[in-house]
Amino acid sequence: MNKITLLIALLVFSNTFGQVQKKFFVDDVKSIEYVTVNFCVNDEAKISEVTIVQDKTTYENEYNIEQLRQYLLGVQYYPDSKLRNNCYDSTFEFINSTYEKKSLNEDECNACEKFKTGIYKYKNILYQDTKIKRKRKVQREIFKEGKQIYYIKWISDCHYVLTYKRMTEPRLKYLIGKEIDVEIIDVLDDGSYVYKSKANFEEKTDFGIIKKIK
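Okay, so let's go over this structure. Since the structure is predicted, the reported quantities are computational estimates derived from the model, not experimental observations. (Residues numbered from 1 in each chain as written. Predicted model: local features only at pLDDT ≥ 70, side-chain atom pairs only at ≥ 80, totals over all residues. Heavy atoms only, no water.)

With that out of the way, let us pick up the environment of Glu141. Tracing the backbone through its elements, the reader meets Glu141 in strand E7 (residues 138-143). For the pair Glu141 and Tyr120, spaced 21 residues apart in sequence, the C-alpha to C-alpha distance is 9.2 Å. Every residue in contact with Glu141, bar those within four places of it in the chain, is listed here: Tyr122, Thr130, Lys131, Ile132, Gly146, Lys147, Gln148 and Tyr150. A distance of 2.8 Å separates a polar atom in the side chain of Glu141 from a polar atom in the side chain of Tyr122. Side-chain polar atoms of Glu141 contact the side chain of Gln139, separated by 3.0 Å. (Helix = DSSP H or I, 4+ residues; strand = E, 2+ residues; numbered from the N terminus. Contact = heavy atoms within 4.5 Å. Polar contact = N/O pair within 3.5 Å; in protein donor to acceptor, adjacent residues only side chain to side chain.)

Counting 24 residues, the largest nonpolar core has Tyr160, Leu162, Ile180, Ile184, Tyr193 and Ile210 as the members making the most contacts within it. Elements with a minimum of two residues in this core: strand E5 (118-122), strand E8 (146-156), strand E9 (159-167), strand E10 (179-187) and strand E11 (193-199). Apart from the residues lying within four places of it in its own chain, the contact partners of Ile184 are Leu104, Cys112, Phe115, Asp157, Cys158, Tyr160, Tyr193, Val194 and Tyr195. Core analysis: the second largest hydrophobic core is formed by 21 residues, Val26, Phe39, Val41 and Ile65 among them. (Core = buried A, V, L, I, M, F, W, Y, C linked by side-chain atoms within 4.5 Å. Buried < 20%, exposed > 50% of the residue type's maximum accessible area, 1.4 Å probe, protein only.)

Now for the state of the cysteines. Applying the stated criterion to the full structure yields two disulfides. Covalent S-S linkage joins Cys109 and Cys158, the inter-sulfur distance amounting to 2.1 Å. One quick way to see it: the torsion about the S-S bond of Cys109 and Cys158 is about -95°, and its sign makes the bridge left-handed. With Cys109 in helix H3 (residues 106-110) and Cys158 in the loop between E8 and E9, this pair connects stretches of sequence that are 49 residues apart. Summarising the burial analysis for this pair, Cys109 and Cys158 share the class buried. The cystine pairing of the chain, numbering bonded cysteines in sequence order, is 1-2, 3-4. No disulfide involves Cys112; its nearest neighbouring cysteine sulfur is the one of Cys158, lying 5.5 Å away. (Disulfide = S-S within 2.5 Å.)

In this section: the environment of Arg134. Within the element layout of this structure, Arg134 appears in strand E6 (residues 131-134). Assessed through its relative accessible area of 2%, Arg134 is described here as buried. C-alpha separation for the pair Arg134 and Ile152, spaced 18 residues apart in sequence, amounts to 8.5 Å. Leave out the neighbours within four places in its chain, and Arg134 touches Phe115, Lys116, Thr117, Gly118, Tyr120, Gln139, Ile152, Trp154, Tyr160, Tyr193 and Ile210. Of the polar contacts made by the side chain of Arg134, one reaches the side chain of Gln139; its length is 2.8 Å.

In this section: helix H2 (residues 62-72). Within H2, burial applies to Asn64, Ile65, Gln67, Leu68, Tyr71 and Leu72. Projected down its long axis, H2 shows its buried positions confined to an angular sector of 155°, all on one face. Exposed and oriented more than 90 degrees from the buried face of H2 are Glu62 and Tyr63. Among the residues of H2, the N-terminal cap falls to Asn61, whose side-chain oxygen and the backbone nitrogen of Tyr63 are separated by 3.2 Å. (Arc of directions from axis to C-beta.)

Attention now goes to the sheet that holds strand E4 (residues 86-96). Pairing is mixed in the open sheet, where four strands are placed in the order E1-E4-E2-E3. The two strands at the open ends of the sheet, each matched to only one other strand, are strand E1 (23-26) and strand E3 (47-52). With strand direction ignored, the average angle separating the axes of adjacent strands in the sheet is 30°. As defined by bridge partners, strand E2 (residues 32-41) adjoins E3 across five bridges and the pair is classed as antiparallel. If you follow Val37 over to E3, its bridge partner there is Ile52. Packing of H2 onto the sheet brings it into contact with E1, E2, E3 and E4, and relative to E3 it is tilted by some 160°. (Pairing = 2+ DSSP bridges. Axes fitted to C-alpha atoms, helices over the stretch in contact; angles between N-to-C directions.)

Below, the structure written as structure tokens:
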């Protein structure tokens, strides 16, 4: 059975009240691909419509995309959910299954020294307009709504910690001083790197790709 098919088959039993899985480890992508959907929640707090947003979708396996769509159509939120009677966009990640436990060996890690400075961009379709400017001790992320500034501490050439220093969005001020632990787990042929990160203020682990452009 295809890995995502098995995952969704298991998740069908846990999707009541909106426990929606956002990441899937699969065997048919080289790194990370994305599926963005627009979903509508009816008056009964159930997802009633799911439409694929093609210009924000990079994953190409139509069978698995349909599996995801059918999975979402089974999601039931709490009866008093504020999501009722509205539609929303949501993006799902399809991640190379080897990345779940992957890490770099010593030689591969040493080769990541080049990522300590420079200008970068995310390959995540949600953050395509974000520019990253990295010096050895400070990282700035600049986007349309403002910017975020982090202290960056390198534990090794492939492991660093970002500490929130300053941001322009008032609603995020509570993050100042909090940390994100980041590990580089793969370097791709185009010079970009795959990272795995975990913040000290939430449970989930994130994966993404950052490309050096200068």
